Amino acid sequence: MSYFELLSSLELGLIYGITALGICLTFRIIDFPDLTCDGSFVLGAAVAAVLLKLGYNPIFALCIAALAGGIAGLGTGVLHVYFKMTNLLAGILMAFMLYSINLKVMQGIPNIALLNTETMFTWGNPFFSLCAVAAIVWAAISFILSTDFGLALRSIGQNKRLAVNCGVQISFMTILALILSNALIAFSGALFCQHQGFADVSQGVGTIIIGLAAVMIGEKLLPSRSIWYSMFACILGSIVYRILVAAALHSEWLGLQTQDLNLITGGMVVAVMLMPTLGVRKQNA
């Protein structure tokens, strides 16, 4: 693996680390298996691509993409809370509808190239820019989850009955968490769009698996009760995951090719999930 391939893996790891933060908010913090992310990731990329092609500022495009993702999360929350759909069904249905919405945002074009279009990465070094963005997002999310509002969110995932007894409005807080989660994922999609120079209606496929893999790898590498370390572990897990995938795809003796990416991803997730079981077996042996 060359230096440039390693650098590209690090950059993609930082981008998907923000996605992992969003997925961690729902799957880990409030215990809500939200499957909207495959659609909201593309929504962020589509909104950013269209705005950039119209000549808008790249930072403005990122902010509007995050807002669009938050609206998608709001839709999932409304379906779950007010229409009484299960969390899985609400996420699946919203992701399903987002496919058509994303196509409409992209004006019926399945792929938008950003050739000769100014992005935030044309201003300076992409790696340092992504490090700065990831650090700001990590610090902001960690701070929010350390406040009383964040403690209320975390209480939902730990014990809903206790949260209700403490006066936490479960429905309202769940919707807010979904808005924040999908805003982060759409923001990550917009970053990915600007970094790669295109937006594609199908580029969100597998986002949930990549994000979960990053979260679980991070938890194994950096186990901690501190919310600051837990959020940093998501980004670290994403970086390690990207490096492992790149290393595997460049190991000629394994005979793996680019089309084996999903197989590698699934294998990593299975391996990480089996680690606790294997550890218990060794202790009992």
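The structure displayed is predicted, hence computed values, not measured ones.

A. Up close: the overall build of the protein. Helices and strands together make up the secondary structure of the protein, namely eleven helices and two strands. Mapped from its N terminus to its C terminus, the protein presents α and β elements in the order α-α-α-α-β-α-α-α-α-β-α-α-α. Once the C-alpha set of the protein is aligned to its principal axes, its extents read approximately 55 × 50 × 30 Å. Taken across its 285 residues, the protein has 48% of its residues classed as buried. The contacts in the protein between residues at least 6 apart in sequence include a share of 78% that link residues at least 24 apart. Looking at the protein as shown, the accessible area adds up to about 14000 Å², and 67% of this sits on carbon and sulfur atoms. In the protein, 12 positive and 11 negative side-chain charges are present, and the distance between their average locations comes to 14 Å.

B. Inspection of helix H3 (residues 58–81) at higher detail. In a regular helix each residue adds 1.5 Å, so 24 residues correspond to 34 Å; H3 covers 34 Å between its end C-alpha atoms and thus fits that length. Its side-chain oxygen at 2.8 Å from the backbone nitrogen of Ile-59, Asn-57 defines the N-terminal cap of H3.

C. A look at unusual backbone geometry. Although it is not a glycine, Asp-31 adopts a positive phi angle of roughly 55°. Inspection of the secondary structure assignment puts Asp-31 in the loop between helix H1 (3–29) and helix H2 (37–53).

D. Here's a closer look at the state of the cysteines. Inspection of the entire model under this criterion finds zero disulfides. Left without a disulfide partner, Cys-131 is nearest to the cysteine sulfur of Cys-234, which lies 17 Å away. Judged by its relative accessible area of 28%, Cys-131 is partly exposed.

E. Molecular detail of H1. Helix length check: H1, at 27 residues, gives a terminal C-alpha distance of 36 Å against a target of 39 Å (1.5 Å per residue), a fit within 8%. The sharpest bend along H1 comes to roughly 30°, located at Ile-23. By the criterion of burial, H1 is predominantly enclosed, with 19 of the 27 residues buried.

F. Highlighting the pattern of salt bridges. On inspection of all chains with the given rule, the structure shows one salt bridge. Put simply, Arg-28 and Glu-219 hold a salt bridge, and the shortest N to O gap is 2.5 Å. Placement of Arg-28 in helix H1 and of Glu-219 in helix H9 (residues 207–221) is noted, with a sequence separation of 191 residues between them.

G. Just the layout of surface pockets, in detail. Quantified by volume, the largest pocket comes out at close to 510 Å³. Contributing to the lining of the largest pocket are 22 residues, with Leu-12, Arg-242, Val-245, Leu-249 and Leu-261 lying nearest its centre. Those elements that provide at least two residues to the lining of the largest pocket are H1, H9, helix H10 (227–249) and helix H11 (261–284). Taken together, the residues of the lining of the largest pocket sort by class into eleven nonpolar, nine polar and two charged. Considered as a void within the structure, the second largest pocket measures approximately 400 Å³ in volume.

H. Spatial organisation of the packing of aromatic side chains. Evaluated as defined, the whole model comprises nine aromatic pairs. Taking 5.5 Å as the distance between ring centres and 25° as the angle between the ring planes, the aromatic pair formed by Tyr-56 and Phe-60 counts as stacked. Residue classification places Phe-60 among the partly exposed positions, given a relative accessible area of 38%. Taking the centre distance of 6.0 Å and the plane angle of 70° together, the rings of Trp-138 and Phe-232 count as edge-to-face. Separated by 94 residues along the polypeptide, Trp-138 in helix H5 (residues 126–146) and Phe-232 in helix H10 bring together distant segments of the chain. According to the relative accessible area criterion, Trp-138 is partly exposed, its value standing at 22%. What links up through ring pairs into an aromatic cluster is the set Tyr-16, Phe-41, Phe-192 and Phe-198.

I. Expanded view of the nonpolar core. Ile-29, Val-137, Leu-145, Leu-153, Phe-187, Leu-191 and Met-231 are the most contacted members of the largest nonpolar core, which has 85 residues in total. Discounting chain neighbours no more than four positions away, the residues touching Leu-153 are Ile-29, Ile-30, Leu-145, Met-173 and Ala-177.

J. Molecular detail of a nonpolar patch on the surface. On the surface, Leu-54, Tyr-56 and Phe-60 cluster together to form a nonpolar patch covering roughly 320 Å² of accessible area. Examined against the element boundaries, Leu-54 turns out to sit in the loop between H2 and H3.

K. The side chain of Thr-76, seen in detail. Note on placement: Thr-76 falls in helix H3. Taking relative accessible area as the criterion, Thr-76 reaches 0% and is therefore assigned buried. Not counting residues within four places of it along the chain, the set of residues in contact with Thr-76 comprises Phe-32, Asp-34, Thr-36, Ala-90, Gly-91, Met-94 and Leu-178.

L. Seen up close, the packing of H1 against H5. It is at 9 Å that the axes of H1 and H5 come closest, and there the two elements cross at 15°. Comparing the axis directions of H1 and H5 gives the class roughly parallel. Crossing of H1 over H5 shows left-handed handedness. Facing H1, whose interface residues are Leu-7, Leu-10, Glu-11, Leu-14, Ile-15, Ile-18, Leu-21, Leu-25 and Ile-29, H5 presents Pro-126, Phe-127, Leu-130, Cys-131, Val-133, Ala-134, Val-137, Trp-138 and Leu-145. Across the contact of H1 with H5, the residue classes tally to 17 nonpolar, no polar and one charged.

Criteria and thresholds
- Residues numbered from 1 in each chain as written.
- Predicted model: local features only at pLDDT ≥ 70, side-chain atom pairs only at ≥ 80, totals over all residues.
- Heavy atoms only, no water.
- Helix = DSSP H or I, 4+ residues; strand = E, 2+ residues; numbered from the N terminus.
- Buried < 20%, exposed > 50% of the residue type's maximum accessible area, 1.4 Å probe, protein only.
- Contact = heavy atoms within 4.5 Å.
- Areas by Shrake-Rupley, 256 points an atom, 1.4 Å probe, with all protein chains shown as cover.
- Lys, Arg positive; Asp, Glu negative; His and termini not counted.
- Charge placed at Lys NZ, Arg CZ, Asp CG, Glu CD.
- Expected span 1.5 Å × (residues − 1).
- Polar contact = N/O pair within 3.5 Å; in protein donor to acceptor, adjacent residues only side chain to side chain.
- Disulfide = S-S within 2.5 Å.
- Bend = angle between axes of the 7 residues up to and from the residue.
- Salt bridge = Lys/Arg side-chain N within 4 Å of Asp/Glu carboxyl O.
- 1 Å grid on protein atoms, 1.4 Å probe; cavity = no way out; pocket = protein on both sides within 12 Å on 5 of 7 lines; lining within 4 Å.
- Points joined across faces, edges and corners; volume = space filled by probe spheres on them.
- Nonpolar A, V, L, I, M, F, W, Y, C, P; charged D, E, K, R; others polar.
- Phe/Tyr/Trp six-rings, centres within 6.5 Å; stacked < 30°, edge-to-face > 60°.
- Core = buried A, V, L, I, M, F, W, Y, C linked by side-chain atoms within 4.5 Å.
- Patch = residues over 30% accessible without salt bridge, like charges linked within 9 Å, V, L, I, M, F, W, Y side chains within 5 Å.
- Axes fitted to C-alpha atoms, helices over the stretch in contact; angles between N-to-C directions.
- Parallel < 35°, antiparallel > 145°, perpendicular 65-115°, else oblique.
- Left-handed = near helix turned anticlockwise from the far one by under 90°.

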